[in-house]
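# A closer look at the structure
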Amino acid sequence: MLKALLMHVAVDTSSKGTGGINGPIFPDKSFEFIPIPENPNNTTETRTYSTLKANNVKHGSFISDFVPSDIQDYLVHFDPDFENFTYADPSDMKKSKRGGMLKKLSMGDYIFFVASLVPFKKSAYANSDRKEICKYQKGKMAKYIIGYFEIKNILQFEKTKNELKPLDDTIPQSILDQVKHNSHSKRNSDAFIVAIGKKDRETALLRKAIQITSVGSPFRANSIGKKIYGDVAYPRGFKIIRDEKNIHALLRLAKNHS
């Protein structure tokens, strides 16, 4: 039976660990994906918000143009990896229930990524001041689908002493090439489960975001959200969809925004 998982990713205001701000969405519904910060003590990652180039260059040159100055030089946890079509979470269920949700997916299922976005206002970011950005963003965010891919594999890995080990016996090199770029693979030590996508296009990121909730807490489903997952709130976390009709409708909509 076909399944789809809606997984909330990217920075938002739920905690300091998730950046404490929301990403921007622009008038034409294009947007910036802003990954959460990474722990600098457990990674070989070198990219920061200041070195990651922005997609929407007419609004900013680097991702740092859309985050406060206190985190502009932080390393990034770039997951999902939209270029290499992977998404990972800890395989220890005590650390992350999300990994358990990934285990429910099979080849041919889909994962859709959701982010909190706020309409962009240039003056709010002019001083890169956290208080100014948060004051402007308060009560203006909604949830949007920003990317997706079809599941090719669900695999588990361990990273110890800088060696990446699959728990499965044989893994094709093409799969390893996808996984090695994921942020969990770059950690010095980690045990994670990873969804590996079918690379059927240049990027798993959408060209334009799809709004699925109303603006502001408790983030009730809008007309699109109701058709996909029902008349319920979606503050963060994940939702699984088992209605194939709804999945195919969402897939058509996502393809139109790719």
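You'll find the structure just up there.
These numbers come from a predicted model, not from an experiment.

## Some points on the overall build of the chain
Summing up its helical and strand segments, the chain has six helices and eleven strands in all. For 258 residues, the compact-globule estimate of 2.2 N^0.38 gives 18 Å, and the C-alpha radius of gyration of the chain, at 18 Å, lies within 12% of that figure. Based on the C-alpha atoms only, the size of the chain along its principal axes is roughly 55 × 45 × 35 Å. Evaluated residue by residue, the chain yields a buried proportion of 54% over its 258 residues. Counted over contacts in the chain with a minimum sequence separation of 6, partners at least 24 positions apart contribute 72%. Entry remark: accessible area of the chain is about 12,200 Å², with carbon and sulfur atoms responsible for 50%.

## Observations regarding the packing of aromatic side chains
This model, assessed by the stated rule, comprises 15 aromatic pairs. Each ring, one from F66 and one from Y125, has its centre 6.3 Å from the other, and the planes form 80 degrees; the classification is edge-to-face. Remark: Y125 occurs in helix α2 (residues 122-125) and F66 occurs in the loop between β3 (36-37) and β4 (76-77); sequence separation between them is 59 residues. Accessibility assignment for this pair places F66 and Y125 in one class, buried. Centroid distance Y229 to Y234: 5.9 Å. Interplanar angle 75 degrees. Geometry classified as edge-to-face. Residue classification places Y234 among the buried positions, given a relative accessible area of 1%. Aromatic rings pair up to connect F33, F78, F82, F85, Y87, F113 and F149 into one cluster. Above the plane of the ring of F219 lies K143, whose end atom (NZ or CZ) is 4.4 Å from the centre. Directly above the ring of Y148 sits R201, whose terminal nitrogen or CZ lies 4.0 Å from the centroid.

## Notes on helix α6 (residues 244-256)
In a regular helix each residue adds 1.5 Å, so 13 residues correspond to 18 Å; α6 covers 18 Å between its end C-alpha atoms and thus fits that length. Its buried side turned inward, α6 meets β1 (4-8), β6 (110-119), β7 (142-160), β10 (205-211), α5 (223-229) and β11 (238-241). In this structure D243 caps α6, since a side-chain oxygen of it lies 2.9 Å from the backbone nitrogen of K245.

## Focus: the pairing of β1
Most of β1 sits out of view: five of its five residues are buried. Side chains of β1 alternate between two faces, with A4, L6 and H8 and L5 and M7 buried alike. As judged from the four bridges shared by β1 and β11, these two strands associate in the antiparallel manner. Each residue of the ladder has a partner; that of M7, found in β11, is F238.

## Thoughts on the side chain of E150
Within the secondary structure, E150 is located in strand β7. Ignoring sequence-local partners within four residues, the contact set of E150 consists of G108, D109, Y110, I196, G197 and K198.

## Considering unusual backbone geometry
With omega at 10 degrees, the peptide bond leading from D79 into P80 counts as cis. Considering the arrangement of structural elements, one finds P80 in the loop between β4 and β5 (86-90). Residue P218 is reached from S217 by a cis peptide bond, and omega for that bond is 15 degrees. With respect to the element layout, P218 can be found in the loop between β10 and α5. A positive phi angle, near 75 degrees, is found at A10, a position not held by glycine. Along the chain, A10 turns up in the loop between β1 and β2 (23-25). At F85, a position not held by glycine, the phi torsion is positive, near 60 degrees. Within the fold, F85 resides in the loop between β4 and β5.

Conventions used here
Residues numbered from 1 in each chain as written. Predicted model: local features only at pLDDT ≥ 70, side-chain atom pairs only at ≥ 80, totals over all residues. Heavy atoms only, no water. Helix = DSSP H or I, 4+ residues; strand = E, 2+ residues; numbered from the N terminus. Rg over C-alpha atoms; globule rule 2.2 N^0.38 Å. Buried < 20%, exposed > 50% of the residue type's maximum accessible area, 1.4 Å probe, protein only. Contact = heavy atoms within 4.5 Å. Areas by Shrake-Rupley, 256 points an atom, 1.4 Å probe, with all protein chains shown as cover. Phe/Tyr/Trp six-rings, centres within 6.5 Å; stacked < 30°, edge-to-face > 60°. Lys NZ or Arg CZ within 6 Å of the ring centre and 35° of its normal. Expected span 1.5 Å × (residues − 1). Polar contact = N/O pair within 3.5 Å; in protein donor to acceptor, adjacent residues only side chain to side chain. Pairing = 2+ DSSP bridges.

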